[in-house]
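Residue strings, one per chain:
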Amino acid sequence: WLFLSSLPPAQAEAYPNLEHDAFKVTFAPPSRLSEQHALPVRLQQSRRRKVKTPVALKLCTVNVLTLQSSAAAPGLMAPRRMIAIQRQMLDAGVHIAAIQEARSPQSRIFSTSMYHVLASAATASGQYGCQLWFAAGAGRHSVKLEHITVLAYAPRYIAVALRSPKLVCNVVCFHAPHSANDEEGERLREEWWDLLEHTVRRCSKQCVPLLLLGDLN
């Protein structure tokens with residue numbers, strides 16, 4: 001990690017704190033939101049009537065560069081790096097996490113003891129791949145895997161619908177391409193943003209709260 005000592009202060013601050021031989025993700029304390037800024041959520045109290053009440057969710061988006069750097073933990077479908085990050089997320093009370101550059105070899109849906117994972121596969125060359133993590137377990141805003149439906153996915157994005165008895169919303173995780181230095185690259189970048197806009201519009205037509213979590217580059 002000697003390269004950190006040569007970085008300008010502004011760049012060095014962008015890295016998480018180094019503990020022993022690994023970076024540790026740290027979280028700032030959440031701000032208290034007034035009710036008008038809280039996410040309006042439909043709670044189904046009976047079969048006849050639906051009501052809305054504000055809830056406070058802790059969301060996180062992070063570019064992990066890869067989750068495929070180590071073998072899967074014994075008895076689990078998840079790499080050890082994923083499990084380590086999920087433990088930190090759980091300790092910080094994160095309800096929904098958006099992951100970019102997970103580089104999963106295939107699209108899949110599975111659960112760990114901490115989060116439900118919905119993953120879009122990387123490209124054939126092993127680049128990109130997005131994931132959405134939803135808190136599992138018995139927490140206040142935990143959901144079941146059966147409450148989540150994938151609406152659209154590609155190596156650079158994944159969109160899902162969440163329809164639990166206590167929480168109704170759509171969530172999009174995305175990883176935007178860098179600015180291009182030539183006309184062809186800029187054309188491809190604009191096409192990607194047009195595709196994302198089409199996906200977001202599809203999700204927003206359902207008249208439910210829409211969460212956009214991504215790496216905008």
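A brief look at the structure comes next.

### Quick notes on the packing of aromatic side chains
Overall, the coordinates contain four aromatic pairs when judged by the stated rule. Residues Tyr-115 and Trp-133 carry aromatic rings whose centres are separated by 6.0 Å and whose planes lie at 40° to one another, so their mutual orientation is tilted. Residue Tyr-115 is located in strand S8 (residues 115-119), and its partner Trp-133 is located in strand S9 (residues 131-135); the two are separated by 18 residues in the primary sequence. The exposure classification of Tyr-115 matches that of Trp-133, with both residues buried. Aromatic pair Phe-174 and Trp-193: ring centres 6.3 Å apart, planes at 70°, arrangement edge-to-face. With Phe-174 in strand S12 (residues 168-175) and Trp-193 in helix H3 (residues 183-204), this pair connects stretches of sequence that are 19 residues apart. Assessed through its relative accessible area of 26%, Trp-193 is described here as partly exposed. Put simply, the rings of Phe-174, Trp-192 and Trp-193 touch in pairs and so form one group of aromatic residues. Of note, Arg-156 hangs over the ring of Tyr-128, and the distance from its end group to the ring centre comes to 3.8 Å.

### Focus on helix H2 (residues 80-91)
With twelve residues, H2 should cover 16 Å at 1.5 Å per step; its first-to-last C-alpha distance of 17 Å lies within 8% of that length. Taken together, the buried positions of H2 are Met-82, Ile-83, Ile-85, Gln-86, Gln-88 and Met-89. Remark: Gly-93 follows H2 within two positions and exhibits a positive phi of approximately 80°.

### Things to note about the side chain of Asp-215
For Asp-215, the position within the fold is in strand S13 (residues 210-215). At 3.1 Å, the side chain of Asp-215 and the backbone nitrogen of Asn-217 are in polar contact. Contacts of Asp-215, omitting those with residues within four sequence positions, involve Thr-61, Asn-63, Gln-100, Phe-174, His-175 and Ala-176.

### Observations concerning H3
For H3, which comprises 22 residues, the first-to-last C-alpha distance of 31 Å matches the rise-based estimate of 32 Å (1.5 Å per residue) to within 8%. Taken residue by residue, H3 has Arg-189, Trp-192, Leu-196, Thr-199, Val-200 and Cys-203 as its buried positions. For H3, the angular spread of buried residues about the axis comes to 100°, placing them on one side. Packed against the buried residues of H3 are strand S10 (148-154), strand S11 (157-163), S12 and S13. Of the residues flanking the start of H3, the one acting as N-cap is Asp-182, its side-chain oxygen 3.3 Å from the backbone nitrogen of Glu-184.

### Here we look at the environment of Gly-137
Relative to the assigned elements, Gly-137 resides in the loop between S9 and S10. Overall, the relative accessible area of 61% leaves Gly-137 in the exposed class. Note: C-alpha distance between Gly-137 and Tyr-115 (22 residues apart in sequence) is 7.9 Å.

About the thresholds
- Residues numbered from 1 in each chain as written.
- Predicted model: local features only at pLDDT ≥ 70, side-chain atom pairs only at ≥ 80, totals over all residues.
- Heavy atoms only, no water.
- Phe/Tyr/Trp six-rings, centres within 6.5 Å; stacked < 30°, edge-to-face > 60°.
- Helix = DSSP H or I, 4+ residues; strand = E, 2+ residues; numbered from the N terminus.
- Buried < 20%, exposed > 50% of the residue type's maximum accessible area, 1.4 Å probe, protein only.
- Lys NZ or Arg CZ within 6 Å of the ring centre and 35° of its normal.
- Expected span 1.5 Å × (residues − 1).
- Polar contact = N/O pair within 3.5 Å; in protein donor to acceptor, adjacent residues only side chain to side chain.
- Contact = heavy atoms within 4.5 Å.
- Arc of directions from axis to C-beta.

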